[in-house]
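Chain and residue survey
The primary structure of each chain is shown beneath.
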Amino acid sequence: MRPANPIVPMTRALLLDLARQNHRVPIGTHLVLHRHADHEAIIHDGARLGATVAEAAARFSTPLAMPLMDLTLEKAALLLACGIPASQADSHHFTEPPAAPASIPLTPRMTATCGAITHIAETHPALVPMGMGIGPFSLMTKLVTDPIMPVFLAGNGLAAEDDPEVALVERLLALGEQVIHRYLTAQIDAGAKALVICEPAANLVYFSPKQQEETGYDVFERYVMEPMRRIAALLRARGVDLIFHDCGELTDEMVNRFATLGASMISLGCSRALWKDAALVPKDTVLYGNLPSKQFYATQLSAEAVAQMACELVEKMSAAGHPFILGSECDVLSVPGSEAEIMRKVDAFMQCPVTS
């Protein structure tokens, strides 16, 4: 049962209304951003980034001011706080548990993102200012060389005091959650009314379905669900809607557990049959997705094929009777030389006819 909200978020009602209107929207700010030659400068300028987010909302005819789905920011902030220079952020992995930093300052990119949210909130009253963040488990997987083995060992019952790899993973989960809460709070303070939390690593690559059948979902609960429940509680306390995103390959039981978070919208990848997931998710949680945006750059996937996928998905979701917003599996990335091809695919699903 979903816990009572101290403050009632307002975006859920809008999302349900958009679903009734057969709304469709990509997570497409990255694609619009890269139409600007100086896109590298824009992502460091809060006002200009906010204007680009608003431009994307206008381009895709949506009231949802979706931010960039950049899931590298929290790692960079944590590494800087631990004394690791920004130049090593992409390649650095911890080999032993780091000491807790005295503080975790926001990076310039984070500050710009918060500035973009404020820009939307103050200058575009018709738009919903939205924030973005990575989930704790997915962040942890970016901080170690091989997260699969310690997660498996923990699933077999090894505790931190039994194995140094498990100890490292659990230490980084805790530190990751700390930086995530810091960044989410900053985005809420900046004016975010909904936050997209992305946990793409919470999937079958890291959680063996055979092990879970044999030992239960204890490690999945501890490593994924408990941190996510604390994030959900933070958002509820501030009256901010949770939009949960996981494009990984999942079991029905994983989806069942995600459905307990009280999210206003759940975004799942194209490995899932959303019309079947409708039976696993509360009726007041909108399902979003799940066209294969990672393939939009490929000429093998035609715009006509995307339109057909979209129409079939709309038809099946209509038959399921569950609130649904048609969209991209994850963010639609700009690929140099393929921008026009990608936009054709986006336009194809945006314009597919509504038959219901």
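Everything in this summary refers to the structure shown in the same document. (Residues numbered from 1 in each chain as written. Predicted model: local features only at pLDDT ≥ 70, side-chain atom pairs only at ≥ 80, totals over all residues. Heavy atoms only, no water.)

Okay, empty space enclosed by the protein next. Taking a probe equal in size to a water molecule and rolling it over the atoms shows the remaining empty space. Scanning the entire structure with this criterion turns up 4 cavities of 30 Å³ or more. Looking at the largest cavity, its volume works out to about 150 Å³. Taken together, 17 residues form the lining of the largest cavity, with Leu49, Pro67, Leu68, Thr113 and Met130 sitting closest to its centre. Breaking the lining of the largest cavity down by element, the ones donating at least two residues are helix H4 (46–59), helix H6 (108–123) and strand S2 (128–134). Grouping the constituent residues of the lining of the largest cavity by class yields 13 nonpolar, 2 polar and 2 charged. (1 Å grid on protein atoms, 1.4 Å probe; cavity = no way out; pocket = protein on both sides within 12 Å on 5 of 7 lines; lining within 4 Å. Points joined across faces, edges and corners; volume = space filled by probe spheres on them. Helix = DSSP H or I, 4+ residues; strand = E, 2+ residues; numbered from the N terminus. Nonpolar A, V, L, I, M, F, W, Y, C, P; charged D, E, K, R; others polar.)

Put simply, helix H5 (residues 73–81) and H6 touch, their axes get as near as 9 Å, and they point 135° apart. With respect to each other, H5 and H6 are oriented oblique. Here Leu73, Glu74 and Ala77 of H5 lie close against H6, whose contacting residues are Arg109, Met110 and Thr113. Taken together, the residues of the contact of H5 with H6 sort by class into 3 nonpolar, 1 polar and 2 charged. (Axes fitted to C-alpha atoms, helices over the stretch in contact; angles between N-to-C directions. Parallel < 35°, antiparallel > 145°, perpendicular 65-115°, else oblique. Contact = heavy atoms within 4.5 Å.)

Cis geometry marks the peptide bond from glycine 289 to asparagine 290; its omega dihedral reads -15°. Inspection of the secondary structure assignment puts asparagine 290 in strand S6 (residues 286–291). Unusually for a residue other than glycine, asparagine 22 sits at a positive phi of about 55°. Relative to the assigned elements, asparagine 22 resides in the loop between helix H1 (11–20) and helix H2 (29–33). Positive phi is not limited to glycine here, since serine 61 has a value of about 50°.

This part takes up the pattern of salt bridges. Counted under the stated rule, the structure contains 16 salt bridges. Two residues, glutamate 253 and arginine 257, come together in a salt bridge whose shortest N-O distance is 2.8 Å. Of the two residues, glutamate 253 and arginine 257 are both situated in helix H12 (residues 252–258); the distance of 4 residues between them amounts to about one turn of the helix. Residue classification places glutamate 253 among the partly exposed positions, given a relative accessible area of 29%. Between aspartate 277 and arginine 272 there is a salt bridge, and its shortest N-O distance comes to 2.6 Å. Arginine 272 matches aspartate 277 in its accessibility class, with the two residues each being buried. Several salt bridges converge on common partners, so that one network encompasses Glu221, Arg229, Glu253 and Arg257. (Salt bridge = Lys/Arg side-chain N within 4 Å of Asp/Glu carboxyl O. Buried < 20%, exposed > 50% of the residue type's maximum accessible area, 1.4 Å probe, protein only.)

With 5 of 5 residues buried, strand S3 (residues 194–198) lies mostly within the body of the structure. Judged by which residues are buried, S3 turns out to be covered on both faces: Ala194, Val196 and Cys198 on one side and Leu195 and Ile197 on the other are all buried. Two strands pair when backbone bridges link them, and S2 and S3 are joined in this way by 5 bridges, in the parallel orientation. Of the residues in S3, the one forming a bridge with glycine 131 is leucine 195. (Pairing = 2+ DSSP bridges.)

Below, the discussion takes up the side chain of glutamate 341. Among the secondary structure elements, glutamate 341 is positioned in helix H15 (residues 339–350). Within the local environment of glutamate 341, its side chain forms a polar contact with the side chain of arginine 344, the two groups lying 2.4 Å apart. Residues in contact with glutamate 341, not counting those within four places in the same chain, are Phe296, Tyr297, Ala298, Thr299 and Leu301. (Polar contact = N/O pair within 3.5 Å; in protein donor to acceptor, adjacent residues only side chain to side chain.)

Below, the discussion takes up the sheet that holds strand S4 (residues 241–246). Read across the open sheet, the 7 strands follow the order S1-S2-S3-S4-S5-S6-S7; overall the sheet is parallel. Each having just a single partner strand, strand S1 (64–65) and strand S7 (324–328) make up the two edges of the open sheet. Looking at chain direction, strand S5 (residues 265–268) and S6 are connected through 3 bridges and run parallel. Opposite methionine 265, over in S6, you have valine 286 as the bridge partner. Strands in contact with H1 are S1, S2, S3, S4, S5, S6 and S7; relative to S7, the strand with the most contacts, it is inclined by about 85°.

Any link to function would need more than the numbers given here.
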